[in-house]
Amino acid sequence: MNEKLAQSSTGNQSPLISGDGNSVSYGVRKKLANETTTMLQVVTLIPKIASENFISSEEVDYSRDIKLKIEERFFEFKEELKGKLQNLQALYSDAYSVAKENSGLDEFRLREYYNLLRNLSIKVLGENGNNPVKALEALTGYFKEEFANSECDDFSEQAVEYFLYRELIECNVFPNIEIKNY
Amino acid sequence: MKSSNQLVSTEQGLRSSSVYVGFLILQELKKKDRVLILDLYQSLKNKTSNFSYSGALYGLIFLHMNGLVDFDEPYVYRTNP
């Protein structure tokens, strides 16, 4: 009965999906790799860390120009950022795309959370003297604290770091701000 | 690129946006005149790997706002313009 549930809902034929006859299994793999669970939860932790918008998103236009960002804004840190990203890319890119697809949050909540993330990252960047590497370390520190508070045992700090790097590319972390001219 | 006034939000994958779910719903409505909403949910579950009820609801809202679909409890039917 449990195997039928497993095969019908996820199509996953893994022998890991099993259960004793007493507990109900919903056909989900019993233990996802911890980087995937980390990335799935990271977005939901954002509102616990950042609760203030000090730049209203209606006045601001985020220009998603990655070239401008890396080459001009963070010119001195270009090599460092690229090197770090290359290190983590092979390990966590899969988990990131899986987490993005299956996040289960609806678009309005996601938009709200990402607005909070943008503002939080700007604030942290200011606190760290416009040094993006230090600011990213500070941000991962915040998330690490929140994970520890929520008693989540197996979270991967490097997965959080990779998530923030990818969001930097998507211009959700340290966005380029242009104040709209009226 | 402005972050407002976009039909598909950038933060979310394309396949879970309201537009794509609306497309899947219309595909289902092509075959029959009207569908029970529970059957609609079932068919959406079969078609997408990541199904969420709120996502399906936003798809229905999107279609209703554009005048393509109407509701007659418990059916969802397509309005031909």
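Residues numbered from 1 in each chain as written. Chains lettered and ligands numbered in written order. Predicted model: local features only at pLDDT ≥ 70, side-chain atom pairs only at ≥ 80, totals over all residues. Heavy atoms only, no water.

(A) Inspection of the environment of Phe-23 of chain B at higher detail. Looking at the element boundaries, Phe-23 of chain B is found in helix H1 (residues 18–31). Sequence spacing of Phe-23 of chain B and Tyr-53 of chain B is 30 residues, and the spatial spacing of their C-alpha atoms is 16 Å. (Helix = DSSP H or I, 4+ residues; strand = E, 2+ residues; numbered from the N terminus.)

(B) Local environment of the nonpolar core. One finds Met-39, Val-43, Leu-136, Phe-163, Leu-164, Val-173 and Phe-174 of chain A to be the most contacted residues of the largest nonpolar core, which totals 40 residues. Only helix H2 (34–49), helix H4 (78–101), helix H5 (107–127), helix H6 (132–149) and helix H7 (157–169) of chain A provide two or more residues apiece to this core. The dominant element in this core, judged by the number of residues it contributes, is H5 of chain A, at 8 residues. Look past the residues within four positions of Leu-136 of chain A in its chain and what remains in contact with it is Leu-81, Leu-164, Tyr-165, Leu-168, Val-173 and Phe-174 of chain A. Ranked by size, the runner-up nonpolar core spans 15 residues in total, among them Val-35, Tyr-41, Phe-62 and Val-76 of chain B. (Core = buried A, V, L, I, M, F, W, Y, C linked by side-chain atoms within 4.5 Å. Buried < 20%, exposed > 50% of the residue type's maximum accessible area, 1.4 Å probe, protein only. Contact = heavy atoms within 4.5 Å.)

(C) Structural context of H6 of chain A. Residue and element names in this part refer to chain A. Here H6 is 18 residues long and its end C-alpha atoms lie 26 Å apart, about the 26 Å a rise of 1.5 Å per residue gives. Within the sequence span of H6, burial applies to Pro-132, Val-133, Ala-135, Leu-136, Leu-139, Thr-140, Phe-143, Glu-146 and Phe-147. With its buried residues spanning 160° around the axis, H6 presents them on a single face. Exposed and oriented more than 90 degrees from the buried face of H6 are Glu-145, Ala-148 and Asn-149. Looking at the buried residues of H6, the elements they touch are H2, H4, H5 and H7. (Expected span 1.5 Å × (residues − 1). Arc of directions from axis to C-beta.)

(D) The confidence of the model for chain B, seen in detail. For chain B, the average pLDDT comes to 85, and 93% of its residues sit at 70 or higher. Among the prediction metrics, the complex's ipTM stands at 0.74, with pTM recorded as 0.73. (pLDDT = per-residue confidence, 0-100.)

(E) Focus on the pattern of salt bridges. According to the stated counting rule, one finds 5 salt bridges over all chains in the structure shown. Of the charged contacts in the structure, one is a salt bridge between Lys-84 of chain A and Glu-137 of chain A, with a shortest N-O distance of 3.8 Å. Here the residue Lys-84 of chain A occupies a position in helix H4, and Glu-137 of chain A occupies one in helix H6, the gap between them amounting to 53 residues. In this structure Lys-84 of chain A comes out as partly exposed when scored by relative accessible area, which is 25%. Given the relative accessible area of 47%, Glu-137 of chain A is considered partly exposed. Between Lys-47 of chain B and Glu-28 of chain B there is a salt bridge, with the nearest N and O atoms lying 3.4 Å from each other. Of this pair, Lys-47 of chain B sits in helix H2 (residues 37–47) while Glu-28 of chain B sits in helix H1; the two residues are 19 residues apart in sequence, bridging distant segments of the chain. The buried category is assigned to Glu-28 of chain B, whose relative accessible area is 9%. (Salt bridge = Lys/Arg side-chain N within 4 Å of Asp/Glu carboxyl O.)

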